[in-house]
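# An overview of the molecular structure
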Amino acid sequence: ISIEKLATHMPISLQERFIGMHFFTPVRKSQLIELIPHKAFDQTRLLDIQNFIIYRLGKNYITAKDVTGFIANRIGFYSNTDIMQRAQAEGLSVSDADAISGVLIGRTKMGPYRLSDYTNIQLSQVATEQYRTDPTAEPFFKERTAHTFLIDKGWIGDSVGQGYYKKIEGERYA
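Residues numbered from 1 in each chain as written. Predicted model: local features only at pLDDT ≥ 70, side-chain atom pairs only at ≥ 80, totals over all residues. Heavy atoms only, no water.

## What about the environment of tyrosine 61?
With respect to the secondary-structure elements, tyrosine 61 resides in strand β3 (residues 60–63). Exposure remark for tyrosine 61: the relative accessible area of 28% places this residue in the partly exposed category. Considered as a pair, tyrosine 61 and isoleucine 33 are 28 residues apart in the sequence and their alpha carbons are 4.7 Å apart. For tyrosine 61, the contacting residues outside a window of four places in its chain are Leu32, Ile33, Leu35, Gln50, Ile53 and Ile54. Separated by 3.5 Å, the side chains of tyrosine 61 and glutamine 50 make a polar contact. (Helix = DSSP H or I, 4+ residues; strand = E, 2+ residues; numbered from the N terminus. Buried < 20%, exposed > 50% of the residue type's maximum accessible area, 1.4 Å probe, protein only. Contact = heavy atoms within 4.5 Å. Polar contact = N/O pair within 3.5 Å; in protein donor to acceptor, adjacent residues only side chain to side chain.)

Listed below in structure tokens is the structure:
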């Protein structure tokens with residue numbers, strides 16, 4: 001989502017007060033918010049927003065450029081896509097790839113496949129296609145095919161009870 005494009009459809013008086021704020025999921029637990037100002041944003045308002053985030057919301061912020069994925073998703077999505085690409089090439093199982101690329105190496109408790117189920121496999125595919133349209137990002141987002149079978153079956157993740165993992169009586173199985 002381009003913050004600049006969103007802002008251009010607003011009256012100038014609103015554009016000056018409009019800023020992108022990217023909250024991470026789960027919102028209650030995540031400590032980071034990305035701020036994405038655009039050209040028409042009144043920079044004198046930035047300090048008030050930063051103070052609100054720190055003192056009222058109790059979170060931290062980073063200021064991002066208005067590019068596909070902003071900062072954290074651009075890095076995290078690339079990292080997860082790369083891990084899944086390598087796992088597929090090496091013939092690793094979904095659960096093995098998640099196990100060796102999560103908590104054991106200091107990352108989140110969800111490995112890339114589990115996270116993809118959580119956020120929706122089809123959404124991940126759309127995001128990959130979007131990154132691939134950006135000439136600065138395209139070389140880093142290689143085409144993957146392992147998930148197309150799941151999408152074709154409608155097994156897009158947690159929202160339907162099955163994706164890379166299937167939930168049976170509260171337990172997840174790859």
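## Some words on the environment of tyrosine 118
Mapping tyrosine 118 onto the fold places it in helix α6 (residues 112–119). A residue is classified by how much of its surface remains accessible, and tyrosine 118, at 39% relative accessible area, is partly exposed. Considered as a pair, tyrosine 118 and alanine 87 are 31 residues apart in the sequence and their alpha carbons are 19 Å apart. Leaving out residues up to four positions away in the same chain, tyrosine 118 has contacts with Thr25, Met110 and Asp158.

## Describing the side chain of glutamine 125
Along the chain, glutamine 125 falls in helix α7 (residues 121–133). Looking at glutamine 125, the relative accessible area reads 13%, which means it is buried. Setting aside residues up to four positions removed in sequence, glutamine 125 forms contacts with Glu143, His147 and Ile151.

## Some points on the pattern of salt bridges
Here the structure, examined in full by the defined rule, presents seven salt bridges. Between arginine 114 and aspartate 158 there is a salt bridge whose closest N-O contact spans 2.9 Å. Separated by 44 residues along the polypeptide, arginine 114 in helix α6 and aspartate 158 in the loop between α8 (148–153) and β4 (166–168) bring together distant segments of the chain. You can call aspartate 158 partly exposed: its relative accessible area is 29%. Arginine 172 serves as the salt-bridge partner of aspartate 158, at 3.5 Å between the closest nitrogen and oxygen. Here the residue aspartate 158 occupies a position in the loop between α8 and β4, and arginine 172 occupies one in strand β5 (residues 171–173), the gap between them amounting to 14 residues. Look at arginine 172 and you get partly exposed, because its relative accessible area is 33%. (Salt bridge = Lys/Arg side-chain N within 4 Å of Asp/Glu carboxyl O.)

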